[in-house]
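Below, each chain spelled out in residue letters.
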Amino acid sequence: MPAKVASNTSRVSPWLTSLLYPLGHYVVLPSYFGKIHIAGQENLPKDGPVILAPTHRSRWDALMMPYSTGQKVTGRDLRFMVTADEVKGLQGWFIRHLGGFAVDIRHPAISSLRYGVELLIAKEMLVIFPEGGIFQDGEVHPIKPGLARLALQAESSVPGLGVKIVPMSIRYRPRVPRWGSEVKIAIGSPLLVMDYAKSASSKKEARLLTADLEMALKHLDESS
């Protein structure tokens, strides 16, 4: 039985997800987009602590993630890490009840990422957009250090936890999606965080993990 998450920062509302996710999966996405191609779903872990690390190209990505990796595929709910600006007002209510939680991306100290660490220890599946923003120029932008620090903190807190980071590429054609656009989602092989948690230098570990994730994202993006 997974560990209990102490914080009540967010939660997954069963009635809300059972209403909105099928609506997006069967009605909104198929109606708006021409074709949605997904490759590599066999790389998605069905259990254990996971960080999904997709490129971020549009606000549509928030629906593409459960469509390609969520309950219909893995049987798992997704917990989205978002910026503090996104959890305000009515939008914030929906985000929090769909499993989203906020962090300060500008200052990704370990203390601000504690809730994410708790979720990984509870063996949840997190979604973190590692570039830190939406980019529509067709390039993979430098990866922010917070994701690697969070993953390594969780792995070091519970030795043998087995955190996995799954790189993902989301591409729209044309780059700015519109009605009838084509979408290509590529899911890469997981990076095993325990392979990086062996050095005496946490900063060195985080830099190496960040560099390898960025390289994996570029490879997926170029191949899709």
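It should be emphasised that the depicted structure is a prediction, and the values quoted were computed from it without experimental measurement.

For the rest of this paragraph, the subject is the environment of Met65. For Met65, the position within the fold is in helix H2 (residues 61–69). Taking the C-alpha atoms as reference points, Met65 and Ile170, 105 residues apart in sequence, are found 9.3 Å from one another. In this structure, Met65 is in contact with Leu52, Pro54, Gly70, Leu78, Phe80, Val127, Phe129, Met168 and Ile170, ignoring residues within four places of it in sequence.

On to a nonpolar patch on the surface, then. Where nonpolar side chains cluster on the molecular surface, the patch consists of Leu23, Tyr26, Val27 and Val28 and spans about 350 Å² of accessible area. Along the chain, Val28 falls in helix H1 (residues 14–32). Residue class for Val28 comes out partly exposed when judged on its relative accessible area of 31%.

Our focus in this paragraph is the pattern of salt bridges. Close approach of charged atoms lets side chains of opposite charge pair. All chains considered together, the criterion is met by 4 salt bridges. Between Glu124 and Arg79 there is a salt bridge whose closest N-O contact spans 3.9 Å. Taken together, the residues span a long stretch of sequence, with Glu124 in the loop between helix H5 (114–121) and strand S5 (125–127) and Arg79 in strand S3 (residues 78–83) at a distance of 45 residues. Since its relative accessible area comes to 24%, Glu124 is described here as partly exposed. The partner of Lys218 in a salt bridge is Glu214, with the nearest N and O atoms 3.4 Å apart. Of this pair, Lys218 and Glu214 are both found in helix H7 (residues 202–223), 4 residues apart, which corresponds to roughly one turn of the helix.

Thresholds, definitions, all that
Residues numbered from 1 in each chain as written. Predicted model: local features only at pLDDT ≥ 70, side-chain atom pairs only at ≥ 80, totals over all residues. Heavy atoms only, no water. Helix = DSSP H or I, 4+ residues; strand = E, 2+ residues; numbered from the N terminus. Contact = heavy atoms within 4.5 Å. Patch = residues over 30% accessible without salt bridge, like charges linked within 9 Å, V, L, I, M, F, W, Y side chains within 5 Å. Areas by Shrake-Rupley, 256 points an atom, 1.4 Å probe, with all protein chains shown as cover. Salt bridge = Lys/Arg side-chain N within 4 Å of Asp/Glu carboxyl O. Buried < 20%, exposed > 50% of the residue type's maximum accessible area, 1.4 Å probe, protein only.

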